[in-house]
Amino acid sequence: AGVRLQDRFYSLEPALIEQRLAALAAVQEVKVSTVFPDTLAIRLRSRQAVVVALVKTAEGGQLPVQIDSLGFVFAWGLPAGQENLPVLSGVEFRNFRLGMQLPHSVVPFLQDLRKLRVQSPILYRAFSEFKLQPVGAAQLEILAYTINCPVPILLNARLSEERALYTLRTIEMLDRTEGLSRIKEIDFRTNSVVYTKGVD
């Protein structure tokens, strides 16, 4: 906030303090006010990760970064107690820096994930990875993986609670009837489920 112990109450500038705090990548919203005679009130809302992505380091390794439901990349590492966040792959970071935002075409999908996490945490935790696949200029498809299914799943770039439940139940049914080891890919992009079998 840039506030020092020796600063006088009447010299504080709430708008300037807000500006400093809003510049921090992890801050989503901030409101600063002074309360006479001697109080500085700071209200912060921090960003909450819905996925993590991997960023290449200068040494050739990879480090995880946290991404919120608005597509902002705001922190390094995994959030404490949330090490099982799904991975978002298929993202290319150029001139990476904290505070950068993913393309707007990704945001609706990330907001779906936030809703799924709130409404049905069990369904949310069933997915381990979402790979972005651009289709055309500003459209996306998702190649998803679940924690119990090694078969890639094709999705449209939206994932409601109903759609997630339908997807997981269909995978379970296919495992019982066909055996997942015989299936190469499952396509949920239309109203009819299409799956491709591998060569026996």
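Read on for an overview of the structure. Since the structure is predicted, the reported quantities are computational estimates derived from the model, not experimental observations. Per chain, residues are indexed from 1 in the order of the written sequence. Owing to the predicted nature of the model, reporting of local features is limited to residues with pLDDT of at least 70; listing and counting of side-chain atom pairs is limited to 80 or more, with chain, interface and lining totals taken over all residues. Values shown for side chains rest on all heavy atoms present in the structure; no hydrogens or waters enter the calculation.

Topic: the environment of V30
Applied cut-off: Only DSSP runs of H or I reaching four residues or more are called helices, and only runs of E reaching two or more are called strands; each is numbered from the N terminus. In this scheme, a residue with accessible area under 20% of its type's maximum is buried, one over 50% is exposed, and one in between is partly exposed, where area comes from a 1.4 Å probe on protein chains only. In this analysis, two residues are considered to be in contact whenever any of their non-hydrogen atoms come within 4.5 Å of each other.
Residue placement: V30 occurs in strand β1 (residues 27-35). Residue classification places V30 among the buried residues on the basis of a relative accessible area of 17%. Between the alpha carbons of V30 and Q19 there is a distance of 8.8 Å; along the sequence they are eleven residues apart. Residues contacting V30, with those up to four places away along its chain left out, are E18, L21, A22, I42, R43 and L44.

Describing the pairing of strand β5 (residues 73-76)
Here is the rule we go by: Between any two strands, pairing holds if DSSP finds at least two bridges.
Sheet analysis places strand β4 (residues 62-68) next to β5, joined by three bridges and oriented antiparallel. Its bridge partner lying in β5, V65 is registered against W76. Linking β4 back to β5 in an antiparallel pair, the connection comprises four residues, with G71 at a positive phi of about 85°.

Digging into the layout of surface pockets
Counted only if it meets this: Of the grid points, spaced at 1 Å and generated over the protein atoms alone, those admitting a 1.4 Å probe that cannot get out make up cavities, while open sets with protein on both sides within 12 Å along at least five of seven lines make up pockets; any residue with an atom within 4 Å of a point is treated as lining. Grid points are joined across faces, edges and corners, and a volume is the space filled by probe spheres set on the points.
In this structure, the largest pocket occupies an estimated 300 Å³ of space. Elements with a minimum of two residues in the lining of the largest pocket: β7 (127-135) and β8 (139-146). Approximately 210 Å³ is the volume found for the second largest pocket. Taken together, 13 residues form the lining of the second largest pocket, with A126, T146, N148, L168 and I171 sitting closest to its centre. Mapped onto the lining of the second largest pocket, the elements with two or more residues apiece are α3 (121-125) and α4 (161-177).

Just geometry here; none of it tells us what the structure is for.
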